[in-house]
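Listed here are the chains, written in short residue letters.
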Amino acid sequence: MIRLNVNGHVVDVEAENDTTLLTVLRDEVGLVGTRFGCGEGLCGACVVLVDGTPMFSCQTPIWQAAAASEITTIEGISAAGEPHPVQQALLDGQAAQCGFCISGIVMRAVALTSEHPRPTREQVTEALQPHLCRCGSHQRIVDALTRMA
Amino acid sequence: MTTPEIPPAIAANPRLGAWLTVGDGLAEIHVGKVELGQGILTALAQVAADALGLPMSSIRMVAAQTGRGPDQGVTAGSLSILQTAPALRHVGGVVRALTGGPAAGDYLEQVAALDPTTDLTRLIPAPLGAPHYVGRSEPRLDLPDKVLGRPRFISDLRPAGLLHGRVLRPPSPGAVLLDAPRQLDGVRVVRDGSFLGLVGAREAEVDSALEVLRERSIWKEHATLPDENDLVRWLQAQETEHLPVVDGPPSARISASYSKPYLAHASIAPSAGLARWDDDILHVWSHSQGIGPLRLAIAQALGLKPGRVVVEHVENAGCYGHNGADDAAFDAVLLARAVPRSPVLTRWSRADELSWGPLSPASTGTVRADVEDGRITGWTYDVVSCGHVSRPGYRGSPGLLAAAHLAVPHPLPPAAEPPLATGGGITRNARPIYEVGRLRVAGHRVVETPLRTSSMRSLGAYFNVFAIESFMDELALVTGQDPIEFRLAHISDPRARAVIEKAAAASGWGSEPPEQRGRGIGFARYKNKGAYCAVVAEVEAESEIIVRRLTVAADVGLVVSPDGTANQLEGGAVQSVSWTTKERVRFNRHRISSATWETYPILRFGEVPEVSVHLVESGAPSVGAGEAAQGPTAAALANAVAAATGVRVRDLPLTREAVVAAIDAT
């Protein structure tokens, strides 16, 4: 049994030590908002916050996640169903097409804006370098995150 | 009394109940077109709301399912608005004619009371009022779920008793399975011929078992692939099917040859499928572009009556054509067959996605032209390529990957050429839109497909427009003319001219570009009958090729959602930048070797140019926007690189290495 703190809740899961945090989140905890894109830490779809730091959950073994005091997923950032300002900015900008990459991008942007509440274009672009988008929504995403009040 | 024209989709699906039901106080709209990330269901909801005279909040778009809504074939070719909007307007008009209309206090109750068997072809629709939603940028209906991280995608489905499946694909297209373990701890091994897979209750265990299976399986591989560094010669040496487009006298004076490599769909989500075998019915959930053809293909592959198979559409990440969706659905079907009444979710790996999904084919084309007094007087174009369509059922065989690996196989059919009347494939946009005098155009389809190819966004139009529009610039250079003036001198269609002129004006064409940058234009009318699109690219070419700006101008006829249209054009252009400047499927004689994001890199945030989109109003009927920018963007980039460096790159991708090679060749 492994104990995790996910989005402010303590959860106990049955998992081998080398199982990835992504698999545990999606299959054991039941939080499917974090997406599987490549399983190799190369696309960014699975990014979550581990003690506030963006991590590829597909590359994070569960023993390492268990050592953290808090794991935050996309389900954990919208208080009482109200979108997080990052999410609201993306919705206002209609900044997605298929939206499969967007969970990871949202989490990266949450970390960025906690450090830089009004990030510059360069900061947003730099932060999103590890994230892939295939639909060509990049500019809309950067525009939306740069417009955040 | 004159009979109004019946939209073809209504003639094919004449029952009212196929299109419209009422539930939970909402008008439920059923369409056969599916959400691929392009926002089509939002655009069609706008059309339906106006047609019925209802607010958007009273409309619910229902995911397509076989046997329930209208059968509209595949969602492809930028045809969804064209094929569906007239049908929804007809439905709305008939409903308003049969009821008191939206003014009635109990309108939705009256709609609910209508006979679902009402034959829509026998009724005259009430005239459509002024549009309220059409022409407005309505927010996408599906984005809140996606941006808020709610379950929405196929791999998020968690039905009771869910099992997870994986397929161990052969190591290479020509490989045959010799031996594999029959049992592994904690999972069930499923084998049929060279099809090998696993089912288990816990995904982590299934993933671990898959690696054991990979280690312990023995395959015999065969060298079935061409030389990746000699594709043009390989294409030209193959047996081909002649695809005449225009027969005329040949031209010869000036010529150039172009080529493109194989490209991958490279969707951000790997393909997935969910299936459950009940006693009578096989239920399948898929992100297929065509649930009806998929149902028939599954039934054919397994010898089932089609009526026993139900396929329901569930979204996955962006779909740009015939990708692994149908194959993953069939994988799930085969694995679920081993565990009756249990739902099995089967997800591909990233490597499978990049190496087993159908590819966009390598192509080569040669343009020959005669020029007199600065004008083109003759044009000959020959394009050689593997085919662009091997969708399920298209060639009379299932066309499903795993079906080709079964002990009693249904081999994958060579990719075919769709008729020119529906846009063609290899020959799509092969005919230049310009007035060029003597014209001769033909495609040549390589009859074998050693690497499986099928439809990817814009099919042959991407390559043909790249070749034609590159050559237009080469001719402009030879004759000492400005590329835009040269184009305008060869085209009189006012809609074409307006789009080219808009792109020129908005991009600052004619002004001096910043240092080390060059500008280039590309233009086409998609399928020669759809959307007009001109792109001006500004490229910096010093030590690396950096795409700085794209100016996109398009005329797509009546715009349903300006923002949705701009999003499709911008996304298409940016994706084309990625294809054109970075992408190439790599392989050796046995295997595809570009099976990760490191070996098949796509455009990253830091490489995306500034894009502006300008819609040119013409009042013409709506046509799709999703594929219009692919070809023009590629040509604009090649022409901009030529302007910046003085060197013409004719073989894609347009990398730094390609520029160096072109310099060496001159």
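Refer to the structure printed above.
Residues numbered from 1 in each chain as written. Chains lettered and ligands numbered in written order. Predicted model: local features only at pLDDT ≥ 70, side-chain atom pairs only at ≥ 80, totals over all residues. Heavy atoms only, no water.

Asker: Tell me what's going on with the overall build of chain B, and back it up with residues and numbers.
Answerer: When you go through chain B residue by residue, the secondary structure sums to 17 helices and 21 strands. Taking 26 Å as the expected radius of gyration for a compact globule of 666 residues, we find that chain B reaches 26 Å, a close match to that expectation. Considered along the principal axes of its C-alpha atoms, chain B spans approximately 75 × 70 × 45 Å. Here chain B holds 666 residues, and 62% of them are scored as buried. Looking at chain B alone, contacts between residues at least 24 apart form 78% of all its contacts between residues at least 6 apart. Of the roughly 24000 Å² that chain B leaves accessible, carbon and sulfur atoms contribute 51%. (Helix = DSSP H or I, 4+ residues; strand = E, 2+ residues; numbered from the N terminus. Rg over C-alpha atoms; globule rule 2.2 N^0.38 Å. Buried < 20%, exposed > 50% of the residue type's maximum accessible area, 1.4 Å probe, protein only. Contact = heavy atoms within 4.5 Å. Areas by Shrake-Rupley, 256 points an atom, 1.4 Å probe, with all protein chains shown as cover.)

Asker: With reference to specific residues and values, describe the sheet that holds strand E2 (residues 26-30) of chain B.
Answerer: Two strands in a sheet stick together by hydrogen bonds in their backbones, pointing the same way (parallel) or opposite ways (antiparallel). Residue and element names in this part refer to chain B. Spatially, E1-E2-E3 is the arrangement adopted by the three strands of the open sheet, whose pairing is mixed. The strands lining the two open edges of the sheet, one partner per strand, are strand E1 (20-23) and strand E3 (59-62). Along the sheet, successive strands turn relative to each other by an average axial angle of 30 degrees, direction set aside. For E2 and E3, the ladder comprises four bridges, and the chain directions are parallel. By the bridge assignment for E3, His 30 is matched with Val 62. Where helix H3 (residues 40-52) meets the sheet, its contacts fall on E1, E2 and E3, and the angle it forms with E3 comes to roughly 135 degrees. (Pairing = 2+ DSSP bridges. Axes fitted to C-alpha atoms, helices over the stretch in contact; angles between N-to-C directions.)

Asker: Residue-level account of the side chain of Ser 78 of chain B, with values.
Answerer: Relative to the elements of secondary structure, Ser 78 of chain B occurs in the loop between E3 and helix H4 (80-98). One polar contact links Ser 78 of chain B to Glu 627 of chain B, side chain to side chain, over a distance of 2.7 Å. (Polar contact = N/O pair within 3.5 Å; in protein donor to acceptor, adjacent residues only side chain to side chain.)

Asker: Outline the pattern of salt bridges, listing residues and values.
Answerer: Taken as a whole, this structure holds 47 salt bridges over all chains when the rule is applied. Measuring nitrogen to oxygen at the nearest pair gives 3.0 Å for the salt bridge that ties Arg 26 of chain A to Asp 156 of chain B. Here Arg 26 of chain A is found in helix H1 (residues 21-29), whereas its partner Asp 156 of chain B is found in the loop between helix H6 (143-147) and strand E4 (163-167) on a different chain. Its relative accessible area of 6% is what places Asp 156 of chain B among the buried residues. One salt-bridge network, in which partners are shared between bridges, spans Arg 140, Asp 142, Asp 145, Lys 146, Arg 150, Arg 152 and Glu 315 of chain B. (Salt bridge = Lys/Arg side-chain N within 4 Å of Asp/Glu carboxyl O.)

Asker: Describe helix H6 (residues 138-146) of chain A, naming the residues involved and giving the relevant values.
Answerer: With seven of nine residues buried, H6 of chain A is to be regarded as a mostly interior element. For H6 of chain A, the full list of buried residues reads His 138, Gln 139, Arg 140, Ile 141, Val 142, Ala 144 and Leu 145 of chain A. On its buried face, H6 of chain A is in contact with helix H3 (85-92), helix H4 (102-115) and helix H5 (121-127) of chain A together with helix H15 (562-582) and strand E21 (610-615) of chain B.

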